[in-house]
Amino acid sequence: MKKNIYQPLKATIEEIIQETPTIKTFRLKPEADFSFATGQFIELTLPGIGEAPFTPSSDPKVKDRLELTIMNAGQVTCALHNMNKGEVVGIRGPYGLGYPLDKFKGKDILIVGGGVGLAPLRSLLFSLFSDIDKYNKVIVRYGSRSPSDIVYKDSIPKWIKKDKVDFLVSVDVGDPSWAGNVGLVTTVLNNLPVNLNNAVGIVCGPPIMMKFVTLKLLDLGFKPADIYLSMEKSMSCGLGKCGHCRIGKFYACKDGPVFTYEQLKGLPDNYL
Ligand SMILES: Cc1cc2nc3c(=O)[nH]c(=O)nc-3n(C[C@H](O)[C@H](O)[C@H](O)COP(=O)(O)OP(=O)(O)OC[C@H]3O[C@@H](n4cnc5c(N)ncnc54)[C@H](O)[C@@H]3O)c2cc1C
Ligand code: FES
């Protein structure tokens with residue numbers, strides 16, 4: 001019998017981590033091993049409620065678990081945030097093209113994340129860290145609205161201490177508990193320890209942040225072909241059929257969600 005491409009795989013919620021007041025990480029145990037490449041996305045199904053796309057935040061080398069870090073934004077995400085350990089969701093995918101790790105080998109890798117945009121980047125970090133000798137260095141600049149909005153608070157101090165990693169967090173607005181940098185993430189992109197002749201910039205975050213970080217990277221001298229953007233366009237089928245995710249000549253679900261700025265510049269609907 002022909003396989004139904006819309007049929008999700010069952011996955012049990014094994015653990016829920018409250019990252020911030022509005023963001024939770026869900027550790028799922030799929031009923032069968034599930035493979036994805038870093039930067040690819042899945043469609044999450046809540047029966048009777050709907051589907052929404054998410055990029056796994058976990059280590060792609062782990063096949064028997066899948067983690068999704070999800071902000072409560074609307075119908076599906078609110079229902080998911082109200083679910084408990086032991087309940088079952090559906091996942092289908094993986095879809096799209098992820099980060100081209102081969103092209104990053106031997107390079108300085110600048111990663112700029114904003115808010116829940118660190119979720120797909122966490123999966124990328126796991127991939128880079130496990131093969132760190134293949135890369136020159138990894139520079140991360142993560143921007144969050146406030147200290148309480150920072151995700152992965154347990155992991156970041158460990159990542160900061162890693163060899164060949166330069167990780168800095170900045171918040172838009174500080175509070176008495178915060179001794180770190182205060183300012184939009186674009187303010188911590190000056191004087192980067194990056195060799196522009198041998199570097200890539202990878203950006204993921206809210207559209208307005210992606211726009212201004214891209215402009216900043218161009219201003220600093222990054223080439224359009226060396227800037228990688230994760231385009232979280234509105235999606236439906238995830239399979240290149242419905243057209244919801246069109247960006248000019250591209251379908252974000254099939255040709256992306258990771259694109260270079262070179263591919264996107266000048267196209268309509270790219271929010272850059
Ligand atoms: C490839 C991809 C990967 C994603 N990965 C993650 C992730 O790892 N973690 C995460 O929290 N979110 C991620 N998102 C965004 C996530 O899909 C949306 O937040 C989700 O679809 C909202 O569904 P909902 O039913 O809860 O909200 P809805 O009820 O559909 O909408 C709530 C509000 O959010 C807006 N909205 C819906 N979808 C998007 C979107 N894609 N971008 C911006 N605004 C949107 C709507 O216009 C509306 O105002 C990703 C999106 C894409 C396309
Ligand atoms: S989401 Fe349907 S074509 Fe891309």
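Residues numbered from 1 in each chain as written. Chains lettered and ligands numbered in written order. Predicted model: local features only at pLDDT ≥ 70, side-chain atom pairs only at ≥ 80, totals over all residues.

### Here we look at helix H5 (residues 207-220)
Given 3.6 residues per turn, any residue in an α-helix points the same way as the ones three and four places further on. If you check H5, its first and last C-alpha atoms are 20 Å apart, about what 14 residues at 1.5 Å a residue would give, namely 20 Å. Buried within H5 we find Met209, Met210, Val213, Thr214 and Leu217. For H5, the angular spread of buried residues about the axis comes to 130 degrees, placing them on one side. In H5, the exposed positions angled more than 90 degrees off the buried face are occupied by Ile208 and Asp219. (Helix = DSSP H or I, 4+ residues; strand = E, 2+ residues; numbered from the N terminus. Expected span 1.5 Å × (residues − 1). Buried ≥ 20, exposed ≤ 12 C-beta atoms within 10 Å, placed from the backbone. Arc of directions from axis to C-beta.)

### Quick look at the pairing of strand S3 (residues 41-46)
For a regular strand, side-chain orientation follows a simple rule: the groups alternate between the two sheet faces. Most of S3 sits inside the fold, with five of its six residues counted as buried. Pairing of S3 with strand S6 (residues 88-95), which is carried by four bridges, proceeds in the antiparallel orientation. Bridge pairing links Leu44 to Ile91 in S6. Linking S3 back to strand S4 (residues 50-54) in an antiparallel pair, the connection comprises three residues, with Gly48 at a positive phi of about 85 degrees. (Pairing = 2+ DSSP bridges.)

### Remarks on the pairing of strand S1 (residues 9-20)
As judged from the four bridges shared by S1 and S6, these two strands associate in the antiparallel manner. Residue pairing in the sheet places Ala11 in a bridge with Val89 of S6. Here S1 runs beside strand S2 (residues 23-30); their pairing, made up of eight bridges, is antiparallel. Directly across from Ala11, in S2, lies its bridge partner Pro30. With antiparallel pairing between neighbouring strands as the criterion, S1 and S2 make up a hairpin whose turn holds two residues.

### What to know about the environment of Ser127
Tracing the backbone through its elements, the reader meets Ser127 in helix H3 (residues 118-130). For Ser127, a count of 19 C-beta atoms within 10 Å gives the class partly exposed. In this structure the C-alpha to C-alpha distance between Ser127 and Lys137, which are 10 residues apart in sequence, comes to 13 Å. Leaving out residues up to four positions away in the same chain, Ser127 has contacts with Thr38, Pro60 and Leu101. (Contact = placed C-beta atoms within 7 Å.)

### Quick word on the site of ligand 1
The environment of ligand 1 is made up of 22 residues, and the closest members are Ala52, Gly74, Val76, Thr77 and Glu232. Elements that contribute at least two residues to the shell around ligand 1 include exactly S4, strand S5 (66-71), helix H1 (75-81) and H3. In terms of residue count, S4 provides more of the shell around ligand 1 than any other element does, four residues in total. A per-class count over the shell around ligand 1 returns 13 nonpolar, seven polar and two charged. There are two domains that each give the shell around ligand 1 at least three residues, and those are domain 1 (9-95) and domain 2 (101-230). (Near = placed C-beta within 6 Å. Nonpolar A, V, L, I, M, F, W, Y, C, P; charged D, E, K, R; others polar. Domains from an automatic or database assignment.)

### Here's the deal with the domain arrangement of the protein
Assigned domains within the protein: domain 1 (9-95) and domain 2 (101-230). Computed from C-alpha coordinates alone, the two centres of domain 1 and domain 2 are separated by 24 Å. When residues of the side of domain 1 that touches domain 2 are traced back to their parent elements, those giving at least two are S1 and S5. Looking at side-chain class alone, the side of domain 1 that touches domain 2 contains five nonpolar, seven polar and three charged residues.

### Observations regarding unusual backbone geometry
Cis rather than trans, the peptide bond between Gly93 and Pro94 has omega equal to 0 degrees. Along the chain, the position of Pro94 falls in strand S6. Each neighbour pair has its own omega, and for Gly256 with Pro257 the value is 10 degrees, a cis peptide bond. Note on placement: Pro257 falls in the loop between helix H6 (252-255) and strand S15 (258-260). Here the phi dihedral of Lys164 falls at roughly 65 degrees; this positive angle occurs in a residue that is not glycine. Within the fold, Lys164 resides in the loop between helix H4 (156-160) and strand S9 (165-171). In the Ramachandran plot, Asn191 falls in the positive-phi region, its phi being about 50 degrees despite a non-glycine side chain. Relative to the elements of secondary structure, Asn191 occurs in the loop between strand S10 (181-182) and strand S11 (199-204).

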